[in-house]
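Topology and contacts: notes
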Amino acid sequence: MATPWRWAAAALLLIVWAALPPVRGFSLPLQRPADCGGDRYFDISRLACAPCGAHQRPSAGGSSCVCQPGYRMVSSNGGSSVVCEKCPENMTGVTQDGWNCITCPKGLTSEGTCKCPNNEILVERSIDGILLDEASCLHCNGSEQSFSASDASGNRCVRCEQTFINASKSCDCSSPNILTGGLCFSAAENLPPKGVATVRFAQLGITLTSAWFLKNLQSSASACWLYSNLTACQALGNMCVMNVNSLSYSSTDACGLFQYIYVNTARLGIAHSVAFWRRNLPWLYYGDRPGLASQVLEANNVPTVFSFKGTDKDVKLQFIAASFDAAGNFLKWQSLEGGILQLCPDTQTKLNAAYAFGTTYQQSCKISVSKILLDFANPIFYDLFLEYNGDNGQQYLWDVPVLNLNLQYSEMFVNQGSNMNSWLLTRRFFLVDALSGKENDLEKLPRVLRIASKITISIRLASHNQRGTIYPPLLTIAYTDVLVENPETQSVMVSFSVSYEMNQSEAQVQTDITLGVLGGLAVLWSLLKTAGWKRRTGSSIIDLQTVLKFLLFYAGDLANVFFIITVGTGIYWLVFFKGQQFVSVLLPLPSQEEDFVTYIACAFSLKALQFLQLLVSQLTVDIFFIDWERPKSRVVKGVEGEGVIKSAAAPVSIWRTYFVANEWNEIQTVRKINPLFQVFAVLFFLEVVGFSNLALMDSSSSLARSSESYIAPWSRILRFGVSAAVWLAIAGLQIIFFSVCYERFVEDKISQFVDLCCVSNISVFLLSHSCFGYYIHGRSVHGHADTNMEEMNRNLKREAENLCSQRGLLPNTDGQTFQMSISRKMRLHYDRIHETLTRRRGPARLLDSSVNTFEQSTRAYNTMNKFLSSFINHAHKEMDYIVKDKLLFERILGMEFMEPIEKSLFYSDEGQSFSDVLYYGNETTLLIFDILFFSIVDLASQSFVLAAILTYLQQEMTSCLCICREPSNMLFGRQNTELL
C-alpha cells in the first residue's frame, strides 16, 4: 500500500526540483576593514562594510560601532546594534567603559574620556564601585617613603624606575636632569654622546629614523655607560646588529655608541680571556679594524676530531646559540637542529642533515613577506658557538665568527671581497628584522624589512695537522632589504647552505706537475708517430702537412693525458673521500671544480678531433681484392660483327669478390665490446644498483638512499669518477670475456675473415699510407675456390688432414697477414694503373657511354689484378719484396727502421694488425671517446639516462657512417675498394 505514496512523493520532489532556479556561482566585492572609512564598520557576518547608527563611529578594531564623544551607550549587542544617548550639559565626559556620563575637572581626551596629568591616576568609582559624579585625579606619592608613579595605563601607582630615584631621589625627572627612553639621568653625570636614531638600508638607498631606536637607543647607551646595565648593553648591541654592524667613527649611531662605550670601558676587563669580549658588553666584533680575519680563522684548530664513521658527536656538528630578544633579555640556549636558521620549511630529518659532518647542504625557497611578518614579528639575535667535549668530559664552546656581507666600514663593503685580510668579522646576527624599519608607530607594519636571504656555514679542514681537525667554522650571511608595500604579493628568495673545503693548492700543484710530465711525454710520442708517418708516406720533407699531422697526433695523445688525469682525479676523490673514517680530505668546492671540468672539455674536444681523423682515415684507405682464381676451361662464342666463332677462357665468377668485400664492410665497425650492452649495463649499475649515490657530496658510501633522507647535491668530480670507473670496469670485463672466451670458443670475426679470404681464393691488398699497408694472403692451397660443394668439402678435409700445403705466403708456413712497406717504384707503378680506375670519376666520364666506361674499368681492374698477383709471385724483379720479422722496438714504437729503397718489405704480422684500419684495432680511442661523450652530456644535463641515450645514438650514427656509404660507382666500393 505504501508504494503508490512513495511514487507520488518522488514525483512531487521532481516537480519541486525542476521549479528551482539553476545552480550558479556567486561573486561578491572584496572589502577590508581599512576600506570602511570613519562612519562605517566591518560587518564580519557579511564580510562587508556597513553604516554605523546616529551619533556613532567605528570602534578601534573596526568590527563594531561605539558612541561618539559626549554620548554614552544605552545598549549594545555588537555591530551596529548600539543605542547612544547624549550626556547632560554638566557632564560632558564619558567613563572609560562608555556606559556612563561623568564630570571631568581636568579636561577630556580625544576619545571623550577624562584625562589626568603625569604621575596621577584617574578615579571614576569609589572603593565599593559606586559611580562618582565627578572624576578625580589622585597624585602618586613620589616621596622617599613610596617612590611611586602612575603606570603606563594611568590606572595604578607603582614604584618608579630606579634611575629616577638615583637622579632626583624622587619620581620626577625635572631639569636639569635628563629624561630619555623612560629613564632619568643626572645632568652632572658624564653621558655618552647624543645618539643618532637612524637605520641605513643601503640596498634601497634609504636612511630612516627608527621608532625603536628613537625610544631606546639613548637610554640603553646611557644605562650601559653609567650603570653597566647588562640588559641595556645587550639592547644597545642588538641595535648595532640591526644596523648590520656597520662602523663609521664619525657617526654616533648605534654602532658608534657601542664602540664609544667599548673603548672607554677597558677598566672593566675582559670575559673568558677573550680580548675582544668586554665584561658587561656583548661580543660583537673581532677587533674594530679589518685585518684580523686570517688569525681568527686559521691560527688555531677546534680541539676536537671529526669522522665519517663513529659516535653521534663525532659525525655531527654540534652548533649551539645563545638567543636574545631586541630588549636585550637572554632567552635560552638553542641547538641549531630543528631548522632554527633555516627559513625554508622541511622535515626534521632533512633539516637536521645540514649538521652531519661532511654533508654539503643546500636549501632554497621563496617566502612571502606576509608570512615572514607573521612568523618573525619580533627579531631574535644569536651568538653562535660550536660545542665539543674536552678530554675530561667537560663540554666546551668554540666561537663561530660571522662574515656579514652587508657590513660597511668607513662607507666601504669590506666583507664582499675575496681578500681575507680586509674582512671585519663579527659575532651576533639575526634572521629577520621587522622592528628597526618601523618609522613612527611600533604597532604598525615596518616600512622596510631586512631578511637574511643567504646563510652559509663554511667548514675548513685544518692543513698539516691531525686528521679530522677543522679550523673555526665561518658563518657568512647576506641580508636583503625589502620595501614593504603589499606583503601579500611580495616575496623574497632565501637560501641556507653548509659547505666543506680544504686547501687544494697541493693537489693543484701535483696535477700541474703530472700534466707537465705527461704532456712532455705526449710531445715525444707524437714526434715518434710523425716520424713513423713520414717513413710510411715515403716523404722526408717537413712541410705544412707534416706539421698538421703532428698536431693531429698530439691532439690525440694530449686527450689521453687529460683523460688519465681526470679519471685518476675522479677515482682518487671517490676512494679517499668516501672510504675515509677520520677525515683527511674534503671535496673541492664547485668553484674549485672549474679546472677539472675544463680538463674534461679539453679531453673531449681533442679526442673528438682524433675520432674524426680515424673516420677520415677509414674513408680514404685503398683496398684491392686480388682474385687468384683462374679459368678451368674454355668456351666457344661468336664474335659480334665478324661472323666467326672463337674459343675463349671461361669467365671467373665475381661473386666471391663481392662476398669478401661485403664481409670486409661488415667488420668495419666490429668492436671488442658490445656497445648496446655497455650502455645498458652502465645505466643499470648507476641508476638501478645505485652507484650514482656515491657521487653525492656527503659522507655516506651507501648505494641505497631513503626517500625521507636529505639528498645532497652532486659533485661533478665524483660524478665523473663514478661513471668513468663503472664504464671502464664493464668495458674491461667485456674485453676480457670476448678475448678469452667468446673469440676463442664462439666467434672471432677478424680471424674468420682471414679464413674466408683463403677459402674464397681472394687476397686483400690494403694501403693505409702512400708506402705502407697490409696484406692478407688468401690464395687457396687447392688452386681453385670456384667449385661445387662436394669438391670444396673434399678440399677442406684434405687441409684438415694435412694432405696439402699450408696457407702461408712462404712455403711451409701459416703466416697469412703481413704489414707492407712498399718501395717508391712499386707505388708509382700502382698509381699509374690506379689512375685509369679513378679517371672516370672526373668530368670526362660524362662524355663516355656507360658501356665504354664499364669496359675501361674492367680492363683497368684486370690490369691491377694481374700486376698485384704477379708482384706477390715475385714476377717483377725490379719491384720485388722480402719477408722478414719486425724488431722488438719496431713493434713497440709502431714504426719501421728500414726504408724500402730497392725492395719492398713484408713484415710477418701474427697479431693481425690490419685491424688498425677498423674499429676493432682502435678500441681504446673509441672507448675513451664514448666515456668522454657520456660524461660531457651528463655534466651538462645532470642525467645519466639522457647521457646513455645520446651516447648510444652517437655510436649508431658513426657506425652507420662507416658501413652505409653509397659506392662511388660500380668499380669503387666503400673506402675506395675496387670490387672488380
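Source: prediction; values computed, not measured. (Residues numbered from 1 in each chain as written. Predicted model: local features only at pLDDT ≥ 70, side-chain atom pairs only at ≥ 80, totals over all residues. Heavy atoms only, no water.)

With respect to burial, strand β33 (residues 817-821) is a largely interior element, 5 of its 5 residues being buried. A two-sided burial pattern is seen for β33, the buried positions comprising T817, Q819 and S821 on one face and F818 and M820 on the other. Direction of pairing for strand β32 (residues 772-776) relative to β33: antiparallel, over a ladder of 5 bridges. Directly across from Y774, in β33, lies its bridge partner Q819. The pairing of β33 with strand β35 (residues 904-908) spans 4 bridges and is antiparallel. Note on β35: the bridge partner recorded for M820 is F906. (Buried < 20%, exposed > 50% of the residue type's maximum accessible area, 1.4 Å probe, protein only. Helix = DSSP H or I, 4+ residues; strand = E, 2+ residues; numbered from the N terminus. Pairing = 2+ DSSP bridges.)

By the definition in use, this model includes 49 aromatic pairs. Look at F306 and F357: their rings are 4.7 Å apart centre to centre, the planes differ by 10°, and that puts the pair in the stacked class. Pair noted here: F306 is in the loop between α6 (293-298) and α7 (312-315) and F357 is in the loop between α8 (348-352) and β19 (361-368), with a separation of 51 residues, a long-range link. Neither residue differs from the other here; F306 and F357 are each classed as buried. Between Y572 and W573 the ring centres are 5.3 Å apart and the planes differ by 75°, which places this aromatic pair in the edge-to-face class. (Phe/Tyr/Trp six-rings, centres within 6.5 Å; stacked < 30°, edge-to-face > 60°.)

We now examine helix α4 (residues 230-242). Each turn of an α-helix holds 3.6 residues, which means side chains three or four residues apart point in the same direction. Here α4 spans 18 Å end to end across 13 residues, near enough to the 18 Å set by a 1.5 Å rise per residue. In terms of burial, α4 is a largely internal element, 11 of the 13 residues being buried. Among all positions in α4, only A232, C233, Q234, A235, L236, G237, N238, M239, C240, V241 and M242 are buried. The N-capping residue of α4, defined by a side-chain oxygen 3.2 Å from the backbone nitrogen of T231, is N229. At the C-terminal side of α4, V244 shows a positive phi close to 50°. (Expected span 1.5 Å × (residues − 1). Polar contact = N/O pair within 3.5 Å; in protein donor to acceptor, adjacent residues only side chain to side chain.)

Attention shifts here to the packing of helix α3 (residues 211-227) against helix α5 (residues 254-263). Contact pair α3 / α5: the axes reach a minimum separation of 10 Å and the direction vectors enclose 5°. Between α3 and α5, the angle falls in the class roughly parallel. Where α3 abuts α5, its residues F213, L217, A221, C224 and W225 lie against A254, L257, Y260 and I261. A class-by-class count of the residues in the contact of α3 with α5 yields 9 nonpolar, no polar and no charged. (Axes fitted to C-alpha atoms, helices over the stretch in contact; angles between N-to-C directions. Parallel < 35°, antiparallel > 145°, perpendicular 65-115°, else oblique. Contact = heavy atoms within 4.5 Å. Nonpolar A, V, L, I, M, F, W, Y, C, P; charged D, E, K, R; others polar.)

We now examine the nonpolar core. Membership of the largest hydrophobic core comes to 152 residues, with the highest contact counts inside it found for F319, F429, L449 and L475. It is helix α21 (residues 923-941) that provides the largest number of residues to this core, a total of 10 residues. Leave out the neighbours within four places in its chain, and F429 touches V241, L341, I380, F381, Y382, L384, V402, L475, I477 and Y479. (Core = buried A, V, L, I, M, F, W, Y, C linked by side-chain atoms within 4.5 Å.)

Residues of the chain with pLDDT of at least 70 account for 87%, and the chain-wide mean is 84. The secondary structure element of the chain with the lowest average pLDDT is strand β36 (residues 972-973), at 37, and the one with the highest is strand β24 (residues 432-433), at 96. Considering only residues more than four positions removed or in separate chains, one finds that residues 16-20, a stretch of pLDDT under 50, has 0 contacts. Note on residues 843-849: pLDDT is under 50 here. Beyond four places in sequence and across chains, it has 5 contacts. (pLDDT = per-residue confidence, 0-100.)

Considering all chains together, one arrives at 24 salt bridges under this definition. A salt bridge links E85 to R72, with the shortest nitrogen-to-oxygen separation between them at 3.0 Å. A residue pair is termed long-range when its members are at least 10 positions apart, and E85 in strand β6 (residues 82-86) and R72 in strand β5 (residues 71-76) qualify at 13 residues. R72 gets classed as partly exposed once you look at its relative accessible area, which sits at 24%. Ionic pairing is found between R807 and D755, a salt bridge with its closest N-O pair at 3.2 Å. In this pair, R807 sits in the loop between α17 (789-800) and β33 while D755 sits in helix α16 (residues 749-760), placing the two residues 52 residues apart along the sequence. Residue D755 is classed as partly exposed on the basis of its relative accessible area, which comes to 36%. Overlapping salt bridges, with partners in common, bring together R536, K886 and E896 in one network. (Salt bridge = Lys/Arg side-chain N within 4 Å of Asp/Glu carboxyl O.)

By secondary structure assignment, the location of W423 is in the loop between β22 (402-404) and β23 (428-430). When neighbours within four sequence positions are excluded, W423 is seen to be in contact with P290, G291, A293, L297, L403, V414, N415, G417, S418 and L474. At a separation of 3.0 Å, a polar atom in the side chain of W423 contacts the main-chain carbonyl oxygen of G417.

This part covers the packing of helix α13 (residues 655-666) against α16. In contact at an axis separation of 10 Å, α13 and α16 are set at 175° when each is read in the N-to-C sense. Here α13 is positioned roughly antiparallel relative to α16, judged by the angle of their axes. On the side of α13, the interface is formed by R656, F659, V660, E663 and W664, while α16 contributes F753, L756, C757 and S760.

All right, on to the state of the cysteines then. Scanning the entire structure with this criterion turns up 9 disulfides. The residue that forms a disulfide with C67 is C84, at a sulfur-sulfur distance of 2.0 Å. Where C67 bonds to C84 through sulfur, the torsion about that S-S bond is close to -95°, and the disulfide is left-handed. Placement of C67 in strand β4 (residues 65-67) and of C84 in strand β6 is noted, with a sequence separation of 17 residues between them. (Disulfide = S-S within 2.5 Å.)

A word on helix α15 (residues 716-745). Compared with an ideal rise of 1.5 Å per residue, which puts 30 residues at 44 Å, α15 spans 42 Å between its outermost C-alpha atoms and is within 8% of the ideal. Of all the bends in α15, the largest measures some 45° and sits at F738. (Bend = angle between axes of the 7 residues up to and from the residue.)

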